[in-house]
Amino acid sequence: MAGGGGRQAVANVVTADDLIAVQTLSVRIPAQAALDLLEGDLGVRLSKLLSSVPFDIDMAEAEAADLAEGSPAHTAWRVLCNETGIGWVTAGKLLARKRPRLLPVYDQVVRCILGRPRSFWLDLHGALSADNHALHRELLALRQSADLPATVSALRVCDVVLWMHHRTDHQQRSCVGT
């Protein structure tokens with residue numbers, strides 16, 4: 001939507017397009033939080049943090065420090081999680097919108113499949129980086145075989161694969177991630 005939230009021109013600010021895009025992913029951002037993200041202190045704090053989070057690298061190429069606890073990305077996630085009405089899923093989806101190549105979606109379905117690792121971001125980073133980036137390359141090959149544009153990141157391909165693999169079972173089984 002609107003060229004994506006990770007474009008250089010808007011990478012460090014939350015826009016109305018970002019809020020609409022995130023809400024198409026079955027989450028709701030309360031009106032007060034949305035206003036604060038667009039025009040208030042929350043938006044200012046998040047923008048400052050985002051300016052320190054790389055927007056032009058894939059997770060597989062990032063340093064673990066870019067994703068670790070205390071990093072600007074992790075701090076941004078915590079700031080969002082602490083906002084009334086924005087939980088861990090919504091915070092993650094908004095950050096995935098702002099950094100589609102670097103930050104993954106982690107929601108109830110993904111948690112059901114993969115469990116609750118100590119650090120999902122670091123574990124996924126390790127998996128994507130292992131074996132000379134073999135999984136990352138495989139996701140890019142899937143993107144190509146599906147004839148998707150290069151603007152669709154390897155992480156978004158991973159999101160779709162996980163969802164398509166487990167969504168129906170997740171709904172039918174009342175998985176622990178629900």
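Below you will find a few notes about this structure. For clarity, every value in this text was computed on a predicted model and none was experimentally measured.

1. Brief notes about the environment of Val109
Within the secondary structure, Val109 sits in helix α6 (residues 108-114). Taking the C-alpha atoms as reference points, Val109 and Asp159, 50 residues apart in sequence, are found 9.8 Å from one another.

2. Some details on the packing of helix α4 (residues 72-81) against helix α5 (residues 88-98)
Running from N to C, α4 and α5 cross one another at 135 degrees; their axes reach a closest spacing of 8 Å. Here α5 runs oblique to α4, going by the angle between their axes. Here α4 and α5 pass one another in a crossing that is right-handed. Every residue of α5 that contacts α4 at Ala73, Ala76, Trp77, Leu80 and Cys81 is listed here: Trp88, Ala91, Gly92, Leu94 and Leu95. Here the contact of α4 with α5 is composed, by residue class, of nine nonpolar, one polar and no charged.

3. Some words on the packing of helix α3 (residues 41-50) against α4
Closest axis-to-axis distance for the α3/α4 pair is 9 Å, and the angle between their directions is 165 degrees. When the interaxial angle is binned, α3 and α4 end up roughly antiparallel. Where α3 crosses over α4, the handedness of that crossing is left-handed. In this structure, α3 contributes Leu42, Arg45, Leu46 and Leu49 to the contact, and α4 contributes Pro72, Thr75, Ala76, Val79 and Leu80. Residue composition of the contact of α3 with α4, grouped by class: seven nonpolar, one polar and one charged.

4. As for helix α7 (residues 120-145)
Taking 1.5 Å per residue, 26 residues should reach 38 Å; α7 reaches only 27 Å between its end C-alpha atoms and comes up short. Approximately 120 degrees is the largest bend angle found in α7, and it occurs at Asn132. Listing the buried residues of α7 in full gives Phe120, Trp121, Leu124, His125, Leu128, His136, Leu139 and Arg143. One or two residues past the end of α7 sits Asp147, with phi positive at roughly 55 degrees.

5. Quick notes on the packing of aromatic side chains
In the structure shown here, the tally under the stated rule is two aromatic pairs. The interplanar angle of 50 degrees and the centroid separation of 5.5 Å between the aromatic rings of Trp88 and Tyr106 together place this pair among those described as tilted. Here Trp88 is found in helix α5, whereas its partner Tyr106 is found in the loop between α5 and α6, with 18 residues between them in sequence. Classification of Tyr106 as buried rests on a relative accessible area of 15%. Centroid distance Tyr106 to Phe120: 4.4 Å. Interplanar angle 25 degrees. Geometry classified as stacked. Placement of Tyr106 in the loop between α5 and α6 and of Phe120 in helix α7 is noted, with a sequence separation of 14 residues between them. An aromatic cluster is present here, built from Trp88, Tyr106 and Phe120 joined pairwise through their rings.

Cut-offs applied
- Residues numbered from 1 in each chain as written.
- Predicted model: local features only at pLDDT ≥ 70, side-chain atom pairs only at ≥ 80, totals over all residues.
- Heavy atoms only, no water.
- Helix = DSSP H or I, 4+ residues; strand = E, 2+ residues; numbered from the N terminus.
- Axes fitted to C-alpha atoms, helices over the stretch in contact; angles between N-to-C directions.
- Parallel < 35°, antiparallel > 145°, perpendicular 65-115°, else oblique.
- Left-handed = near helix turned anticlockwise from the far one by under 90°.
- Contact = heavy atoms within 4.5 Å.
- Nonpolar A, V, L, I, M, F, W, Y, C, P; charged D, E, K, R; others polar.
- Expected span 1.5 Å × (residues − 1).
- Bend = angle between axes of the 7 residues up to and from the residue.
- Buried < 20%, exposed > 50% of the residue type's maximum accessible area, 1.4 Å probe, protein only.
- Phe/Tyr/Trp six-rings, centres within 6.5 Å; stacked < 30°, edge-to-face > 60°.

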